[in-house]
Amino acid sequence: MSNQDKIKKLIDLRAEAKLGGGLKRIEAQHKKGKFTARERIELLLDEGSFEEFDMFVTHRCTNFGLEKTKFLGDGVVTGHGTIDGRVVYVYSQDFTVFGGSLSETFAQKICKVMDMAMKAGAPIIGINDSGGARIQEGVNSLAGYAEIFQRNIMASGVIPQISAIFGPCAGGAVYSPALTDFIMMTEQNSYMFVTGPKVVKTVTGEDISVEDLGGGKVHASKSGVSQFLVENEQEGILILRKLISYIPQNNLEDPIVTECTDPFDRMDDLLNEIIPDNPNQPYDVKDVIHTMADYGEFLEIHRNYAKNIVVGFSKFNGQPCGIVANQPNYLAGVLDINASIKAARFVRFCDAFNIPIITLVDVPGFLPGSRQEYGGIITHGAKLMFAYGEATVPKITVTLRKSYGGAHDVMSSKQLRGDLNYAWPTAEIAVMGAAGAVEVLHGRKLRDIEDAEERAKFIADHEEEYTEKFANPYQAASFGYIDDVIEPRNTRFRIIRGLQSLATKKLVNPPKKHSNIPL
Ligand code: HXC
């Protein structure tokens, strides 16, 4: 074979590999409204930046005559490229090859990019579209999964790991995405479950569709397994690129501060008016976030889950920050099990990756009742407390309105090492709300008042007295628990100045093997 022929062979092999399972299967993929593994990578990465590995890998299985069917690349496309000039490692499962199912060599390809991402200290993005374990390979496939899981575990908190589910992801295969930092699902074509509808029907008798069991909407709103629900793959890929812009390459680096033309001292009068006079009237805390953040931008995480707390990323004068905010618009912003878990996980992500945390507080307390108690609100609420208390990144807290009881302590209070704790003049920092307080303090007296009118007046008078004394930020400020009471419209400026003053913050927790967060 001449050298020219050798080069031609390489070109031909590359062309063959790029076709994956062949044109027919690519067509079928497109018909379902899905991109192919390679198209997804092309859309995700900066143009022309993708460098592929292991294009010539094929499986080694000889069971069921499988040696007669081989595809170059063996069903997963792996390599690295850039997003806005920053290196990321990727793997993208190719459904056109054995339904994207995982063989021993397929797993080895994924492990190789994971190892390289760890060595390079760069994020890894995995695009999942797979029928699970390659049935013909038996236990080699199971072992392959476990190799990936172990790497996910070791990479956790070292490099950001992001999973996009753009097709099936079933059985034990779900546990790799579950071990990563973020899971994205599309509204259609995307599903995750430990056991599929057929097995569910056999074992439990429950008749349920794929979508209702593990579709994108279910995991975004009911289970909370997925942090991002997107309409389609294009939108998903744009969000993946955006997400990368807020996070650093690894745990030893800081997130990248970008140039900002939005004035750092921009004041917005809307904030002076946003809190209604009636303390029981809701407002949308997302309006507060959008008003304060650079260019009004906020990448919300877990948008459809535990809406009583809002978490996501924004920038302040170009500095990426995590935002945690109680949402008065939903269940009055109360802290319950799901909200605690959602926020705790987010706080821990930010802390692991050196992202300062801005906390906006308007919380009436923990949700009372047997459902919450039986569900373990004590353990789950403690998760959020633990996450805040353990976090060493800069923490700025702004109390907008209510901050009651245990929830006050949890929401990045001074004593949980909040660095800067500000309050708006509308803040109410107290052990509990006025109604509850009067009920407890004057219960005996109230029982003795029979006349309804007299009773109502008694309650109103005492509530007023309590409100006047405690429903303000000045009691807390007088003890130094609040560093300053600030004018709402000036909050952006105060946050930015706070972040600047904390940029060199050094805080190290005592050495230990690891903590024992209440799981
Ligand atoms: C080998 C597979 C495969 C698999 C699909 N294919 N899944 N090959 N192993 N697990 C092949 C099909 O034979 C077919 O080959 C091609 O991929 C496309 O599959 P279709 O069934 O035609 O596609 P579709 O109708 O879209 O259905 C997709 C599907 C279905 C829902 C994913 O294929 C399916 O149910 N597959 C099996 C899923 C499963 O039970 N996996 C094992 C789970 S247990 P041709 O040649 O016709 O194109 C597991 C354990 C992991 O994963 C444990 C880890 C700890």
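If you're wondering where the values come from, they're calculated on a predicted model, not measured in any experiment. (Residues numbered from 1 in each chain as written. Predicted model: local features only at pLDDT ≥ 70, side-chain atom pairs only at ≥ 80, totals over all residues. Heavy atoms only, no water.)

**Section: the packing of aromatic side chains**
Line of reasoning, step 1. Applying the stated criterion across every chain yields a total of 13 aromatic pairs.
Line of reasoning, step 2. Ring geometry for Tyr-191 and Phe-193: centres 5.4 Å apart, planes at 15 degrees, overall stacked.
Line of reasoning, step 3. Their ring planes at 35 degrees and their centres at 6.0 Å tell us that Phe-264 and Phe-493 sit as a pair that is tilted. With Phe-264 in the loop between α10 (233-246) and α11 (270-273) and Phe-493 in helix α21 (residues 491-501), this pair connects stretches of sequence that are 229 residues apart.
Line of reasoning, step 4. Given a relative accessible area of 39%, Phe-264 falls into the partly exposed group.
Line of reasoning, step 5. By relative accessible area, Phe-493 is classed as buried at 17%.
Line of reasoning, step 6. Ring pairing ties together the aromatic residues Phe-182, Phe-228, Tyr-246, Phe-313, Phe-346, Phe-349 and Phe-353, which thus form one cluster.
Line of reasoning, step 7. Against the face of Phe-95 rests Lys-34, its NZ or CZ located 4.6 Å from the ring centre.
Line of reasoning, step 8. Geometry around Phe-470 places Lys-469 over its ring, the cationic atom sitting 6.0 Å from the centre. (Phe/Tyr/Trp six-rings, centres within 6.5 Å; stacked < 30°, edge-to-face > 60°. Helix = DSSP H or I, 4+ residues; strand = E, 2+ residues; numbered from the N terminus. Buried < 20%, exposed > 50% of the residue type's maximum accessible area, 1.4 Å probe, protein only. Lys NZ or Arg CZ within 6 Å of the ring centre and 35° of its normal.)

**What about the UniProt feature "domain: CoA carboxyltransferase C-terminal" (unreviewed entry) in the protein?**
Line of reasoning, step 1. Residues given the UniProt feature "domain: CoA carboxyltransferase C-terminal" (unreviewed entry) here are residues 263-509.
Line of reasoning, step 2. Measuring from the first to the last C-alpha atom of residues 263-509 gives 36 Å, for a span that is 42% helix and 18% strand. (UniProt positions renumbered as here; feature names shortened; annotations may be inferred.)

**So, the packing of helix α4 (residues 104-120) against helix α5 (residues 139-155)**
Line of reasoning, step 1. The N-to-C vectors of α4 and α5 enclose an angle of 10 degrees; their axes lie 8 Å apart at closest approach. What the angle tells us is that α4 and α5 run roughly parallel. Helix-helix and strand crossings are classified by hand; for α4 and α5 the assignment is left-handed. Of the residues in α5, those touching α4 at Glu-104, Ala-107, Ile-110, Cys-111, Met-114, Asp-115 and Met-118 are Asn-140, Gly-144, Glu-147, Ile-148, Arg-151, Asn-152, Met-154 and Ala-155.
Line of reasoning, step 2. Of the residues belonging to the contact of α4 with α5, the class tally is 8 nonpolar, 3 polar and 4 charged. (Axes fitted to C-alpha atoms, helices over the stretch in contact; angles between N-to-C directions. Parallel < 35°, antiparallel > 145°, perpendicular 65-115°, else oblique. Left-handed = near helix turned anticlockwise from the far one by under 90°. Contact = heavy atoms within 4.5 Å. Nonpolar A, V, L, I, M, F, W, Y, C, P; charged D, E, K, R; others polar.)

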